[in-house]
Amino acid sequence: MILVTKPYLPDKSKYIRYIDQIFERNWLTNNGPLVNELELKLKEYLGLKHLLYTSNGTIAIQMAIKALDLKGTIITTPFSYVATTSSIVWEGLKPIFVDIDESTCNIDPSKIEASIQDDTCAILATHCFGNPCDIDAIQKIASKHDLKVIYDAAHCFGTKYKGRSVFEFGDISTTSFHATKLFHTVEGGAVITKAPDLLKRMAYLRNFGHDGPEKFNGVGVNGKNSEFHAAMGLANLDDIEEILLRRRQQCDYYDSKLGKLKIAKPIIGDSAEFNFAYYPIIFESEEICIKMKDGLEDRRVFPRRYFYPSLSSLDYVEHQTTPISDSIASRILCLPLYHTLSKEEQDMIIRILLRTQNY
Ligand code: T4K
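Keep in mind that this is a model prediction, so the values were computed, not measured. (Residues numbered from 1 in each chain as written. Predicted model: local features only at pLDDT ≥ 70, side-chain atom pairs only at ≥ 80, totals over all residues. Heavy atoms only, no water.)

### Some details on the domain arrangement of the protein chain
Convention followed: Those domain boundaries reflect an automatic or database domain assignment. We call two residues in contact when some of their heavy atoms are within 4.5 Å. The term buried area means the drop in 1.4 Å probe accessible area that two parts suffer when joined, counted for both and summed.
With domains assigned, the protein chain is organised as domain 1 (2-99 + 107-237) and domain 2 (240-358). Averaged C-alpha coordinates put domain 1 and domain 2 at centres separated by 25 Å. Contacts between the two partners involve 40 residues from domain 1, matched on the other side by 50 residues from domain 2. Taken over both partners, the interface formed by domain 1 and domain 2 buries close to 3800 Å², and the fraction arising from carbon and sulfur atoms is 64%. Its largest share of buried area at the contact with domain 2, domain 1 owes to Ile2, Val4 and Phe129, together 24% of the area lost on that side.

### Considerations on the UniProt feature "active site" (unreviewed entry) in the protein chain
Our working rule: UniProt positions are given in the numbering used here, feature names are shortened, and annotations may be inferred rather than shown by experiment. For helices the rule is a DSSP run of H or I covering at least 4 residues; for strands it is a run of E covering at least 2, with both sets numbered from the N terminus onward. Note on exposure labels: buried denotes an accessible area under 20% of the residue type's maximum, exposed denotes more than 50%, and partly exposed covers the range between, all computed with a 1.4 Å probe on protein chains only.
Under the local residue numbering, the UniProt record ascribes the feature "active site" (unreviewed entry) to Lys181. Residue placement: Lys181 occurs in the loop between β9 (172-176) and β10 (189-192). Classification of Lys181 as buried rests on a relative accessible area of 16%. Not counting residues up to four positions away in its chain, the partners in contact with Lys181 are Ala154, His155, Ser176 and Tyr278.

### Examining the sheet that holds strand β6 (residues 148-152)
Sheet strands pair by backbone hydrogen bonding; their relative direction is either parallel or antiparallel. Defined as follows: Here, any two strands with at least 2 DSSP bridges between them count as paired. Helix axes use the C-alpha atoms of the stretch in contact, all axes being lines fitted to C-alpha atoms, and the angles between their N-to-C directions lie in the range 0 to 180 degrees.
Taken in spatial order, the 7 strands line up as β2-β10-β9-β6-β5-β3-β4 in an open sheet, and their pairing is mixed. Strands with a single pairing partner mark the edges of an open sheet, and in this sheet they are β2 (51-54) and β4 (94-97). Sheet twist, expressed as the average angle between the axes of neighbouring strands with direction ignored, equals 25°. Sheet topology note: the strand β3 (residues 73-76)/β4 ladder contains 4 bridges and is parallel. The residue bridging Ile74 from the neighbouring strand is Pro95, located in β4. Of the strands in this sheet, β3, β4, β5 (120-126) and β6 touch helix α4 (residues 82-90), which is tilted by about 140° from β4.

### A short note on the layout of surface pockets
For clarity, the cut-off: Here a cavity is any set of points on a 1 Å grid over the protein atoms alone where a 1.4 Å probe fits but cannot get out, and a pocket is any open set with protein on both sides within 12 Å along at least 5 of 7 lines; a residue lines the site when it has an atom within 4 Å of a point. Grid points are joined across faces, edges and corners, and a volume is the space filled by probe spheres set on the points. Side-chain classes follow a simple rule in which Ala, Val, Leu, Ile, Met, Phe, Trp, Tyr, Cys and Pro form the nonpolar group, Asp, Glu, Lys and Arg form the charged group, and the remainder, Gly included, forms the polar group.
Empty space within the largest pocket amounts to approximately 520 Å³. Around the largest pocket, the lining comprises 35 residues; the ones closest to its centre are Tyr81, Ser176, Thr180, Lys181 and Tyr278. At the level of elements, α3 (57-67) and α4 are the ones that each hand at least two residues to the lining of the largest pocket. Tallied by class, residues from the lining of the largest pocket come to 17 nonpolar, 13 polar and 5 charged. Structurally, the lining of the largest pocket is a two-domain feature, drawing no fewer than three residues from each of domain 1 (2-99 + 107-237) and domain 2 (240-358). In this structure, the second largest pocket spans a volume of roughly 390 Å³.

### A closer look at the nonpolar core
Nonpolar side chains in soluble globular proteins generally cluster together in the buried interior. Note the threshold: Among buried residues, the Ala, Val, Leu, Ile, Met, Phe, Trp, Tyr and Cys ones that are joined through side-chain atoms within 4.5 Å form a nonpolar core.
One finds Leu42, Phe79, Phe129, Ile138, Phe157, Phe167 and Phe183 to be the most contacted residues of the largest nonpolar core, which totals 62 residues. Structurally, this core is a two-domain feature, drawing no fewer than three residues from each of domain 1 (2-99 + 107-237) and domain 2 (240-358). When neighbours within four sequence positions are excluded, Ile138 is seen to be in contact with Ile107, Pro109, Ile112, Ile123, Ala125, Cys133, Val149 and Tyr151. Grouped together as the second largest cluster of nonpolar side chains are 24 residues, Tyr254, Leu296, Val301 and Tyr338 included.

### Overview of empty space enclosed by the protein
If you walk through the whole model with that rule in mind, you get 1 cavity of 30 Å³ or more. Along the walls of the largest cavity sit Thr5, Lys6, Pro7, Tyr8, Ala179, Thr180, Lys181, Leu182, Ile243, Arg247 and His339, which together make up its complete lining. Split by domain, the lining of the largest cavity shows at least three residues from each of two domains, domain 1 (2-99 + 107-237) and domain 2 (240-358).

The structure is reproduced here in structure tokens:
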């Protein structure tokens, strides 16, 4: 069986060495030494000023919304994982969906201004599949209309924009270190900002608002992560260059062999260095997409319809028209992509796709 992804696992003895340290110290969570070490190493590797490690990528979005004290409506993308939208609704705000650019699968900046309402406070955009949004255009609109910008950069570990980590952009960037991500800590995520005041607010938010044992600074939540999770992150971080390289090679291999398949792929902008987080392919119709998915599944290969359905069709949001997102969502598949996926397995996937197309 070949699944869409398989979590990367580091050298077991290296992980166990970290676990031994935890047993010796008997310090399991609440801002422990491995969490601190991971935060330092991530900042160093990514060239970031501030980063807070969180329990997952969803709480990271919710903390960002809270830290910016957002109220009213938020402009967002309909083409993302459900956590982008559900976090907005969970925080009591209303999402306004702006359709995506067909060529990138990211929010289309040229459509944002027409959707801004009197109570619009922010733009929450996803760098979908690790492909950076048009950051300059979004920032220009945000500055003009005094809107905050949050980037859901859950897919973006290793992605650069204009030579810098894409996590640097926006008022706050959030990411996920979930087991299915190319860099992971089993569960986990982070909030990233350049602003010291936002960092401070999010540090309180992450730990119930604690300002010492007996004092509280505002309402908080439990967004912390544990020493065991940080241990996995530290062990994995040593291998990150190898992980990124392997994915690049696997994507190049798919590219070289899928030329005859009638598909489109999201276009990566010139300003970006892509991290090969996913291998999405867009078919000409939903019918062909389903035929390909069935053809693969018959042979126990399980791609995923990331991201179907389009989030504007969720039953807890007000219906809004997003025809491009609806269309892409209906005919996209992400092919298997993970460290141990072999060339033989890729060849089999490629053969099935090409054969299914010809039926
Ligand atoms: N924003 C965006 C844009 C996101 O993509 C995500 C998460 C978030 C925010 C929220 O971040 P977190 O709160 O999750 O940190 C998966 C992940 O659970 C989710 O983290 C991820 N995005 C989303 C794109 O994919 P599912 O429902 O597809 O997961 P699941 O369990 O079906 O697993 C996917 C594949 O991986 C399956 O084929 C099984 C395989 N798998 C999975 C796990 C967990 C394994 O082989 N081993 C494993 O341990 O959501």
